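This is what each chain is made of:
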Amino acid sequence: MTMRPNSDAGVAGRMLDLARAVTGRPPAIRLRAWDGSEAGPADAPALVLTDRAVLRRLFWRPGELSLARAWATGEIDVDGDLAEALRRARAEVVAARRAPWRIRTGVGVRAAALGIRHGMLGRPPARPEAEAVLAGRRHSRGRDRAAVAFHYDLSNEFYRLILDPSMAYSCAYWPEDGSTDLAAAQRAKLDLICGKLGLLPGHRLLDIGCGWGSLTCHAARYYGARITAITVSRMQYDFVAGRIAAEGLGDLIDLRLQDYRDPAGDSYDAVATVEMGEHVGADEYPTFAARLHDLVRPGGRVLVQQMSRGAARPGGGAFIEAYIAPDMHMRPLAATVSMLNGAGLEIYGVEAMRRHYGRTIRAWLTRLDAQWPVAVGLIGAQRARIWRLYLAGGAQAFEEGRMGVDQILAVRPEAGAR
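Throughout what follows, the structure given in this document is the object of discussion.

What counts as what
Here, residues in each chain are numbered from 1, in the same order as that chain's written sequence. Given that the model is predicted, a residue must reach a pLDDT of at least 70 before its local features are reported, and side-chain atom pairs must reach 80 or more before they are shown or counted; all residues, however, enter totals for whole chains, interfaces and linings. As a convention, hydrogens and water are excluded, and side-chain values are obtained from all of the structure's heavy atoms. A cavity, in this analysis, means grid points on a 1 Å lattice covering only the protein atoms where a 1.4 Å probe fits yet has no way out; a pocket is instead an open set bounded by protein on both sides within 12 Å along at least five of seven lines, and a residue lines either one if it has an atom within 4 Å of a point. Grid points are joined across faces, edges and corners, and a volume is the space filled by probe spheres set on the points. Going along the chain from the N terminus, every DSSP run of H or I of four or more residues is numbered as a helix, and every run of E of two or more is numbered as a strand. Residues are grouped as follows: nonpolar covers Ala, Val, Leu, Ile, Met, Phe, Trp, Tyr, Cys and Pro; charged covers Asp, Glu, Lys and Arg; every other residue, Gly included, is treated as polar. For every residue, the accessible area (1.4 Å probe, protein chains only) is compared with the maximum for its type, and the residue is labelled buried under 20%, exposed over 50%, or partly exposed between those bounds. Strand pairing is assigned whenever DSSP identifies at least 2 bridges connecting the two strands. Every crossover in which the path from the first strand over the helix to the second runs clockwise, viewed with the strands pointing away from the viewer, is termed right-handed. Only buried residues count toward a nonpolar core, which is a set of Ala, Val, Leu, Ile, Met, Phe, Trp, Tyr and Cys residues joined through side-chain atoms within 4.5 Å. Any two residues whose heavy atoms approach within 4.5 Å are treated as being in contact.

As a further point, take the layout of surface pockets. Its volume calculated, the second largest pocket comes out at about 200 Å³. Residue lining of the second largest pocket: 13 residues in total, with Ser166, Arg187, His218, Tyr222 and Arg243 positioned closest to the centre. For the lining of the second largest pocket, the secondary structure elements donating two or more residues are α8 (182–197), α9 (214–223) and α10 (234–247). Counting residues per element, the lining of the second largest pocket draws most heavily on α9, at five residues. Split by residue class, the lining of the second largest pocket holds five nonpolar, three polar and five charged.

Now the structure itself:
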């Protein structure tokens, strides 16, 4: 590994000297600072500090949220492979956290002195315009509508840019042959869901959180099911309404702009909710599980496709919750299965799909990078930067096993079943 000299390399060199003092090893990432200095491995991607304002952000609010704000505004950037830079930066943070408290405290004093010398004590920089600011009680109907609108009403054209033609915004189901055909992988996922639900012509399916209509239209067109599809996103509703008309599926689909807590009928043959449960909330999930039970007929099937993560970090993290999906909540798979079972549903099977999600998200990222100027024109440079980081980091989280995603198939038992 070729190393750039640190000691005489200005701000970058002094910062990496501090990192080395904490971890006890050569830094794994290159650093370039606002004063033009650069230090670290010459063959590594560079973390670029374009503005000393990042020091003030970290002084006023140390942690992930300040780093997210600095990324959104361009005060932090990456020169080189973004995914590799994230992997190396994460390794540095993990190594620093493992250092003895005495070493971290001593280096912290030196870091504070360096920060003060370079303007760390100035006024805190403004919060980026792209940051979510929600009002009201968490997971009240009004706040849930606002949270959903923040994420899903970003731009139908932007989502069309990065998703496959079916507009499936959830984990695909990839073959083992190394195929890169995203559309085929999403069709395979939709067929997998319809097959697990046992859909037949005339069956009534409730699609909770129907997105842009991928499952709804697929189940109607290829399985002859009669679907009630619900969403609280106005832009999704308008998109799906147009899609239903264009595809001539109006006789089979009843599209509704409503909350899952609103009346939606009952005695459905099947109920599906694909990556919507993450928006329900911790305290509200038992009620959601009970709704799934009550909406399906005895003997009917329920399929939940949902992301999971460890109990210690149930949300998406400060970056995700501030810039991507406010109020998101995930839990370990076992906790979700327990709540579904507690609501009276019998669990028929669970299929882990984590290995498929990294490939899915990387396909979205490839499409975003290939049409970057168009994406910037649709949602602005700040939000486009945020989404690039979101996709790169999300793919890595699934690939490294820090997040999971599963399909849970359940059945409402027949009366008197034991």
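Where burial is concerned, most of strand β10 (residues 296–309) is hidden: ten out of the 14 residues are buried. Alignment of strand β9 (residues 268–274) against β10, held across six bridges, turns out to be parallel. Bridge pairing links tyrosine 268 to valine 296 in β10. Regarding the hand of the β-α-β motif, the stretch spanning β9, helix α11 (residues 285–295) and β10 is right-handed. Here β10 pairs with strand β12 (residues 403–411) via nine bridges, running antiparallel. Paired with arginine 301 across the strands is valine 411, a residue of β12.

Counting residues in each nonpolar core, the largest one holds 75 residues, and the members touching the most others are Tyr169, Phe319, Tyr323 and Trp387. Here the element with the most residues in this core is helix α16 (residues 381–399); it accounts for ten residues. Leaving out residues up to four positions away in the same chain, phenylalanine 319 has contacts with Glu64, Ala68, Ile324, Ile386, Leu389 and Tyr390. Ranked by size, the runner-up nonpolar core spans 24 residues in total, among them Leu197, Ala225, Ala229 and Ile253.

One pass over the structure, following the stated rule, counts two cavities of 30 Å³ or more. For the largest cavity, the calculated volume is near 60 Å³. For the largest cavity, the full set of lining residues is Phe150, His151, Leu154, Tyr323, Ile324, Arg383, Ile386 and Trp387. Residue contributions to the lining of the largest cavity peak at three residues, all from α16. For the lining of the largest cavity, a count of residues per class yields six nonpolar, one polar and one charged. Put simply, the second largest cavity is a space of about 40 Å³. Along its surface, the second largest cavity is lined by Gln306, Met307, Ser308, Arg331, Leu333, Thr336, Asp406 and Ile408. The set of elements that each furnish at least two residues to the lining of the second largest cavity consists of β10, α13 (333–342) and β12. At three residues, the largest contribution of residues to the lining of the second largest cavity is made by β10. Its residues assigned to classes, the lining of the second largest cavity shows three nonpolar, three polar and two charged.

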